[in-house]
Amino acid sequence: SGGVGKYSWYVPRFTAQRNPKVLSYSGMTGGSDTENRRLMAETFLRPQTWKYFCDEVSSNNCTTPYYDDQGRLIAERPPSD
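Residues numbered from 1 in each chain as written. Predicted model: local features only at pLDDT ≥ 70, side-chain atom pairs only at ≥ 80, totals over all residues. Heavy atoms only, no water.

K.L.:
Please clarify how the overall build of the protein should be interpreted in this entry.
P.N.:
Along the protein, the regular secondary structure elements total four helices and two strands. Overall, the protein shows an N-to-C arrangement of helices and strands of α-α-α-α-β-β. When each of the 81 residues of the protein is scored for burial, the buried share is 22%. Summarising the internal contacts of the protein: among those between residues at least 6 apart in sequence, 23% fall at separations of at least 24. (Helix = DSSP H or I, 4+ residues; strand = E, 2+ residues; numbered from the N terminus. Buried < 20%, exposed > 50% of the residue type's maximum accessible area, 1.4 Å probe, protein only. Contact = heavy atoms within 4.5 Å.)

K.L.:
Sorry if this is basic, but what is going on with the state of the cysteines here?
P.N.:
By definition, a disulfide links the sulfur atoms of two cysteines through a covalent bond. In total, this model carries one disulfide according to the counting rule given. Two residues, Cys 54 and Cys 62, share a disulfide whose sulfurs are 2.1 Å apart. With the S-S bond torsion at -95°, the cross-link from Cys 54 to Cys 62 turns out left-handed. There is no split in this pair, since Cys 54 and Cys 62 are both buried. (Disulfide = S-S within 2.5 Å.)

K.L.:
What should I look at first to understand the confidence of the model for the protein in this one?
P.N.:
As a note on interpretation, predicted positions should not be read in detail where pLDDT is low. Chain-level statistics for the protein give a pLDDT mean of 76 and a share of 75% at 70 or above. Per-element confidence in the protein is highest for helix α1 (residues 13-18), whose mean pLDDT is 84, and lowest for helix α3 (residues 33-44), whose mean pLDDT is 67. (pLDDT = per-residue confidence, 0-100.)

K.L.:
Teacher, can you tell me more about the environment of Asn 60 here?
P.N.:
Looking at where Asn 60 falls in the secondary structure, it is placed in the loop between α4 (50-57) and β1 (66-67). By relative accessible area, which is 27% here, Asn 60 ends up partly exposed. Taking the C-alpha atoms as reference points, Asn 60 and Pro 78, separated by 18 residues in sequence, lie 9.8 Å from one another.

K.L.:
Teacher, can you tell me more about the pattern of salt bridges here?
P.N.:
Going through the model one piece at a time under the given rule, you end up with one salt bridge. Residues Asp 55 and Lys 51 are paired through a salt bridge, measuring 2.7 Å at the closest nitrogen-oxygen approach. On the criterion of helical spacing, the pair formed by Asp 55 and Lys 51 is a turn pair, its members being four residues apart in helix α4. (Salt bridge = Lys/Arg side-chain N within 4 Å of Asp/Glu carboxyl O.)

K.L.:
How do you make sense of unusual backbone geometry when you look at a structure like this?
P.N.:
Generally, phi is negative for residues other than glycine and the peptide bonds are trans, each holding for most cases. Backbone geometry places Asn 61, a non-glycine residue, at a positive phi of 55°. Of note, Asn 61 is situated in the loop between α4 and β1. Unlike most non-glycine residues, Cys 62 shows phi in positive territory, near 65°. Along the polypeptide, Cys 62 turns up in the loop between α4 and β1.

Shown next, in the form of structure tokens:
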């Protein structure tokens, strides 16, 4: 039948720069369970969508580029839908 499946995830550059372990499944699963739970909690804090970020976190709904306190671009524009 020729079907092919693929699982993948998006990791923003600033997140990968802070902790390269989040770039791969083996990086996130290596180490102790306690260490991995702490890493995920500290890195991602809570689930959040791009729309939620622009509506609730950005002071101007992402109408202008949003940078973090270290000057890294977080959102360049609001989502299109």
